[in-house]
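Each chain is listed here by its residues.
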Amino acid sequence: MNTNHLSERLAAVAGFVPKDTILADIGSDHAYLPCYLVNKGVIQRAIAGEVVKGPFESAKRNVQANGFSDRIQVRLANGLFAIEETDGVETITIAGMGGTLITTILNEGKDRLASVKRIITQPNLHAIAIRQWAVENDFQLVDEEIMQEDGKIYEILVLERGTANYSPTDLLVGPILREKCTAVFREKWEREMREWRRVVAALDKAEQTEEIRQKKSSILNNYEIVRKVLAT
Ligand code: SAM
């Protein structure tokens, strides 16, 4: 990856960034995404936020090496605390982390969202947490994408302000992804169902405590939801 060429995963995230928006990329280890978007002329200004010193330094080096220091500010900060009110950030990208960590970042920095119109997330797992966060925080899904790279499947969830109420099925698999029902979507959930069958078989062999029974029931509930989705 470099300033001219992103991984397919990050390129898919970049594809949802509106032209000329002011961007904050949170968890921006090499600042690849903001550098690429500035290089391509999609955006003029960005903040790259990173909480760990090493990745922060490499983001800074990359921004400097590309001559973008006047346009991309790299900040060492936890989550949305990289954003100042005066930045006027309109779009946030948070990619390559678990859905639960992404929602923690969004919850902890809620007061930094005042000027934000669009949040683009790419959770590595547990996308359901982001859909739930959207419902609870007056955001709605305006687009979703699912793609495969190097055998791994990634979901991208695009949120904008608005109220939404999703069914348990839509929260789990995504209302827009379910509608699109692509081959990659089917592949993701077939893989998931295989894994759930394996886990349930293992749980069946364990001592049947209340915790085990609840875990099994929750998996079987999701299994049934997904089975119905794939059957339609
Ligand atoms: N966003 C890039 C991507 O998608 O390729 C980098 C993904 S990398 C796996 C996750 C990065 O997020 C790491 O550099 C990590 O240090 C950073 N990170 C994790 N928690 C964070 C937080 N609370 N605030 C800012 N950065 C965070």
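Everything below is about the structure printed above this text.
Residues numbered from 1 in each chain as written. Predicted model: local features only at pLDDT ≥ 70, side-chain atom pairs only at ≥ 80, totals over all residues. Heavy atoms only, no water.

Draft legend 1. Just the side chain of Arg75, in detail. Here Arg75 lies in strand β3 (residues 72-76). Of the polar contacts made by the side chain of Arg75, one reaches the side chain of Gln73; its length is 2.8 Å. Setting aside chain neighbours within four positions, we find Arg75 in contact with Ile47, Ala48, Gly49, Glu50, Phe56, Ala82, Ile83, Glu84 and Asp87. (Helix = DSSP H or I, 4+ residues; strand = E, 2+ residues; numbered from the N terminus. Polar contact = N/O pair within 3.5 Å; in protein donor to acceptor, adjacent residues only side chain to side chain. Contact = heavy atoms within 4.5 Å.)

Draft legend 2. Main features of the site of the ligand. Near the ligand you find 16 residues, and of these Arg9, Gly27, Glu50, Asn78 and Gly79 are the closest. Here Val51 contributes a backbone N or O atom positioned 3.4 Å from a nitrogen atom of the ligand. Ala95 places a polar main-chain atom, nitrogen or oxygen, 3.0 Å from a nitrogen atom of the ligand. Considering every element that reaches the shell around the ligand, the biggest residue donor is strand β4 (residues 91-97), with 3 residues. When the residues that make up the shell around the ligand are grouped by side-chain class, the tally is 9 nonpolar, 4 polar and 3 charged. (Near = heavy atom within 4 Å. Nonpolar A, V, L, I, M, F, W, Y, C, P; charged D, E, K, R; others polar.)

Draft legend 3. Here's a closer look at the pairing of β4. Within β4, 6 of the 7 residues are buried, which leaves it mostly tucked inside the rest of the structure. In this structure, β4 lies alongside strand β5 (residues 118-123), joined through 6 bridges in parallel fashion. Each bridged residue has a counterpart across the sheet, and for Met97 the counterpart in β5 is Pro123. With respect to chirality, the unit in which β4 leads through helix α4 (residues 99-108) into the neighbouring parallel β5 is right-handed. (Buried < 20%, exposed > 50% of the residue type's maximum accessible area, 1.4 Å probe, protein only. Pairing = 2+ DSSP bridges. Right-handed = clockwise from strand over helix to strand, strands pointing away.)

Draft legend 4. Seen up close, unusual backbone geometry. If you check the backbone angles, Asp20 has positive phi at about 65 degrees while not being a glycine. Within the secondary structure, Asp20 sits in the loop between α1 (8-14) and β1 (22-26). Look at Asp20 and you get partly exposed, because its relative accessible area is 46%. The residue Ala31 is not glycine, and still its phi comes out positive at about 55 degrees.

Draft legend 5. Local environment of the environment of Ile225. Summarising the element assignment, Ile225 is placed in helix α9 (residues 210-231). The buried category is assigned to Ile225, whose relative accessible area is 15%. Once the C-alpha coordinates of Ile225 and Gln214 are considered, the two residues, 11 residues apart in sequence, prove to be 17 Å apart. Not counting chain neighbours up to four residues away, the residues in contact with Ile225 comprise Pro168, Thr169 and Leu172.

Draft legend 6. Local environment of the layout of surface pockets. Of the pockets and cavities examined, the largest pocket occupies roughly 450 Å³. Along the walls of the largest pocket sit 18 residues, with Leu125, His126, Lys188, Trp189 and Glu192 positioned nearest its centre. Only β7 (152-161) and α8 (183-205) provide two or more residues apiece to the lining of the largest pocket. Of the residues forming the lining of the largest pocket, the biggest block, 6 residues, is contributed by α8. The residue inventory of the lining of the largest pocket, partitioned by class, reads 9 nonpolar, 3 polar and 6 charged. If you add up the space inside the second largest pocket, you get close to 190 Å³. For the second largest pocket, the lining is made up of 14 residues, of which Arg9, Leu10, Gly27, Asp29 and Ala95 are closest to its centre. Elements supplying a minimum of two residues to the lining of the second largest pocket: α1, α2 (32-39) and β4. (1 Å grid on protein atoms, 1.4 Å probe; cavity = no way out; pocket = protein on both sides within 12 Å on 5 of 7 lines; lining within 4 Å. Points joined across faces, edges and corners; volume = space filled by probe spheres on them.)

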